[in-house]
Amino acid sequence: MERPSSASLRRRGRRIPEEEDDQQQASFSEVDNDNDHPADKSAGIQSFLSDSSDYPLLPPTSSSSSSTINPRPMMSPSSIRKDESRVRKIITRIISGVIMISLFIGIILSGHVYVCALVFVLEILLFRELVTVRYHCNFDRIEQTIPLFRTTQWMWFFVAIFYTYSEFAVEMIKNNTKLHDLLKYAQLAPMLAFSLYTGTFVLTIATMQTGHIRFQLNQLCWTIVVLCLTVGQLKYIMHNIYNGLIWFTLPILLVITNDIMAYFSGITFGRKFIHRQFIELSPNKTWEGFIGGGIFTLIVGFYLSRFLAKFTWMTCATNQFALFPEKLECEVENIFHEATTFFPSQVFDLCPHALIRLLPNVVEICSVGGNTDNVTACVSGAMDQKHHHYELALSIVPIQFHAISLSLFASLVSPFGGFLASAIKRAYGIKDFDSLIPGHGGLMDRFDCQLIMALGTWVHYNTFVKTTTVSVAKMLYMYKLLGDDERRQFLEKISKA
């Protein structure tokens, strides 16, 4: 019996890939070499073609049934279980997400002190998850040969925490005249931080073993990297909180929005328009998800910032450490007040006039009598008027412009914090950093993008929002540090100014 070629199989409604074609040619050769009856050979070939699990069944060869549509194959029990497991995971993630958001809102409403406490606890847990990655991989070697390994790691963490937040505490003392009595203790903070550092440094070197120095240095470098990722990037998050809770809440919500919308954009449009791989570290990420998440984040950030600007609880800066918070009252900064701004008229010069006239709230401005200094809104039919430019007045809260900048950062830069976390998990062969949050894994799995976002927000605030950190309370603090002669000189200079 003549074996069917790949071309004839394509004509019969089945496309054979090149690698499958080679396998089938080898199978056909084995059938041809058998000594069975020709009818058995034909049955064997048809059985081979019909029983393939990767491709649909061949249509019958009868001409009367050539248009018959084959029924969809039934799902196997394993496929059904896999789909059910996926649904359960999604439901678990949604429930856990709702609980986390509820707790986050509750803590935000509780006050600044409790928000700072939340950040401190998160830093401890994030550090624990990251250093545990290498600890578990080298558990036997560490336990048997390296003394005080975990102790020195945690000592480095608390040195970094003390140095970072003692600076924040001193800054708060300077800005609060009621706390100026603590000045003599605040001046000891640098000395205490340095003492902790030297003690930890000596202990780390003293515990090094001659046969494991390279391994211990690698572990020390990993500890320092983890400190940079956690404590380093979150160094100024306390400042964000006390500069106004909006600078803490808005960036977090922008990253959450980007994460969610990138996921849904990816599963909806992933690889339908751009087939190129987005990043090798995370093969499931797509260009469509990255772009879609960015677009939605810009839209949400623009309107969410306007909504949050209505509440003084979000916009007011404070320097009070109150366990029982009261309503915040302050002189709200200008960036939270609604203002009128004009869209650049030069942009309209690039567009057809017919299209511009269709846009709402666009006003055509004309010059009167050819005098460009005398302009007014155009009146239809006026003979002495000539088109000058188009004008669009926008009622906007300035914080919305800042929200656009933060949204771009959350969309373009923050996701790479997640890619770094993926690289760490890939390097050490783990799926999640922990199992603390059902359906999500560990805290690092959820906060990987938030760390650099907090640092970026502080840089943006000090660069574009409030470039000066001078206050009356801080000036009084600095005055008390002066000697008698310096105080007298200071008062003389002030009286002449």
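So, here's what we can say about the structure. Remember, predicted model here, so these are calculated numbers, not experimental data.

Definitions and cut-offs
Residues numbered from 1 in each chain as written. Predicted model: local features only at pLDDT ≥ 70, side-chain atom pairs only at ≥ 80, totals over all residues. Heavy atoms only, no water. Helix = DSSP H or I, 4+ residues; strand = E, 2+ residues; numbered from the N terminus. Buried < 20%, exposed > 50% of the residue type's maximum accessible area, 1.4 Å probe, protein only. Contact = heavy atoms within 4.5 Å. Areas by Shrake-Rupley, 256 points an atom, 1.4 Å probe, with all protein chains shown as cover. Disulfide = S-S within 2.5 Å. Pairing = 2+ DSSP bridges. Salt bridge = Lys/Arg side-chain N within 4 Å of Asp/Glu carboxyl O. Patch = residues over 30% accessible without salt bridge, like charges linked within 9 Å, V, L, I, M, F, W, Y side chains within 5 Å. 1 Å grid on protein atoms, 1.4 Å probe; cavity = no way out; pocket = protein on both sides within 12 Å on 5 of 7 lines; lining within 4 Å. Points joined across faces, edges and corners; volume = space filled by probe spheres on them. Nonpolar A, V, L, I, M, F, W, Y, C, P; charged D, E, K, R; others polar. Arc of directions from axis to C-beta. Axes fitted to C-alpha atoms, helices over the stretch in contact; angles between N-to-C directions. Left-handed = near helix turned anticlockwise from the far one by under 90°.

### Some details on the overall build of the chain
Part 1 of the reasoning: Along its length, the chain carries 22 helices and 4 strands.
Part 2 of the reasoning: Going through the 497 residues of the chain one by one, you find that 35% of them count as buried.
Part 3 of the reasoning: When contacts within the chain are restricted to residue pairs at least 6 apart in sequence, those whose partners lie at least 24 apart make up 71%.
Part 4 of the reasoning: Carbon and sulfur atoms provide 62% of the accessible area of the chain, an area that totals close to 30,300 Å².

### Focus on the state of the cysteines
Part 1 of the reasoning: The final tally for this structure, using the stated rule, is 2 disulfides.
Part 2 of the reasoning: Residue Cys316 pairs covalently with Cys330 via a disulfide, S to S 1.9 Å. Its torsion about the S-S bond being -85 degrees, the disulfide of Cys316 and Cys330 is classed as left-handed. Placement of Cys316 in the loop between helix H14 (312–315) and strand S1 (339–342) and of Cys330 in the loop between H14 and S1 is noted, with a sequence separation of 14 residues between them.
Part 3 of the reasoning: Disulfide pairing places Cys366 opposite Cys378 at an S-S distance of 1.6 Å. Between Cys366 and Cys378 the sulfur-sulfur dihedral comes to about 100 degrees; the bridge is accordingly right-handed. With Cys366 in strand S2 (residues 362–368) and Cys378 in the loop between strand S3 (371–377) and strand S4 (385–396), this pair connects stretches of sequence that are 12 residues apart.
Part 4 of the reasoning: Taking only the cysteines that form disulfides and numbering them from first to last, the chain has the pattern 1-2, 3-4.

### Considering the pairing of S2
Part 1 of the reasoning: Pairing of S2 with S4, which is carried by 7 bridges, proceeds in the antiparallel orientation. Paired with Glu364 across the bridge in S4 is Tyr390.
Part 2 of the reasoning: For S2 and S3, the ladder comprises 4 bridges, and the chain directions are antiparallel. Within S3, the position partnered with Val368 by the bridge is Asn371.
Part 3 of the reasoning: Connecting the antiparallel pair S2 and S3 is a turn made up of 2 residues, with Gly369 showing a positive phi of about 65 degrees.

### Details of the pattern of salt bridges
Part 1 of the reasoning: Applying the stated rule across the entire model yields 8 salt bridges.
Part 2 of the reasoning: A salt bridge links Asp434 to Arg128; the shortest N-O distance between them is 2.9 Å. Taken together, the residues span a long stretch of sequence, with Asp434 in the loop between helix H18 (415–428) and helix H19 (443–447) and Arg128 in helix H5 (residues 112–137) at a distance of 306 residues.
Part 3 of the reasoning: Overall, the relative accessible area of 23% leaves Asp434 in the partly exposed class.

### Structural notes on a nonpolar patch on the surface
Part 1 of the reasoning: Residues Ile90, Ile94, Val98, Ile256, Ile260, Tyr263, Phe264 and Ile267 make up a contiguous nonpolar surface patch of roughly 730 Å² in combined accessible area.
Part 2 of the reasoning: Secondary structure elements with two or more residues in the nonpolar patch: helix H4 (77–110) and helix H12 (246–269).
Part 3 of the reasoning: Counting residues per element, the nonpolar patch draws most heavily on H12, which supplies 5 residues.
Part 4 of the reasoning: Counting through the fold element by element, Ile256 comes out in helix H12.

### Digging into unusual backbone geometry
Part 1 of the reasoning: Of note in this structure, Leu148 is not a glycine but carries a positive phi near 55 degrees.
Part 2 of the reasoning: Among the secondary structure elements, Leu148 is positioned in the loop between helix H6 (139–145) and helix H7 (149–175).

### Quick look at empty space enclosed by the protein
Part 1 of the reasoning: The tally for this structure, following the rule as stated, stands at 1 cavity of 30 Å³ or more.
Part 2 of the reasoning: Lining the largest cavity are Ile146, Phe149, Thr152, Gln153, Trp156, Thr204, Thr207, Met208, Gln216, Gln219, Leu220 and Thr223.
Part 3 of the reasoning: Elements represented by at least two residues in the lining of the largest cavity include exactly H7 and helix H10 (213–232).
Part 4 of the reasoning: Classifying every residue of the lining of the largest cavity gives 5 nonpolar, 7 polar and no charged.

### Some thoughts on helix H21 (residues 472–480)
Part 1 of the reasoning: Listed in full, the buried residues belonging to H21 are Ala473, Lys474 and Tyr477. In an axial view of H21, the angular spread of the buried residues amounts to 100 degrees, which keeps them on one side of the axis.

### Remarks on the packing of H12 against helix H13 (residues 287–308)
Part 1 of the reasoning: As a packed pair, H12 and H13 sit with axes 7 Å apart at the nearest point and diverge in direction by 145 degrees. For the element pair H12 and H13, the recorded crossing hand is right-handed. Note on element contacts: H13 touches H12 through Glu288, Gly289, Gly292, Gly293, Gly294, Phe296, Thr297, Val300, Gly301, Leu304, Ser305 and Leu308, opposite Ile246, Leu250, Leu253, Leu254, Thr257, Asn258, Met261, Ala262, Ser265, Gly266 and Phe269.

### A few points about the side chain of Ser265
Part 1 of the reasoning: Residue placement: Ser265 occurs in helix H12.
Part 2 of the reasoning: Residues in contact with Ser265, not counting those within four places in the same chain, are Gly270, Glu288, Gly289, Gly292, Gly293 and Phe296.

### Regarding the sheet that holds S4
Part 1 of the reasoning: Spatial strand order, S1-S4-S2-S3: 4 strands in an open sheet with antiparallel pairing. Every other strand in the sheet has two partners, leaving S1 and S3 as the edge strands with one partner each. Averaged over neighbouring strand pairs, the angle between their axes works out to 40 degrees when direction is ignored.
Part 2 of the reasoning: Summarising the sheet, S1 and S4 pair through 4 bridges and their orientation is antiparallel. Bridge pairing links Thr341 to Leu394 in S4.

### A look at the side chain of His460
Part 1 of the reasoning: Structurally, His460 is set in helix H20 (residues 450–465).
Part 2 of the reasoning: A relative accessible area of 7% means that His460 is categorised as buried.
Part 3 of the reasoning: Beyond its immediate stretch of four places on either side in the chain, His460 contacts Trp247, His402, Ser405, Leu406 and Val465.

Don't take any of this as a statement about function, it's just geometry.
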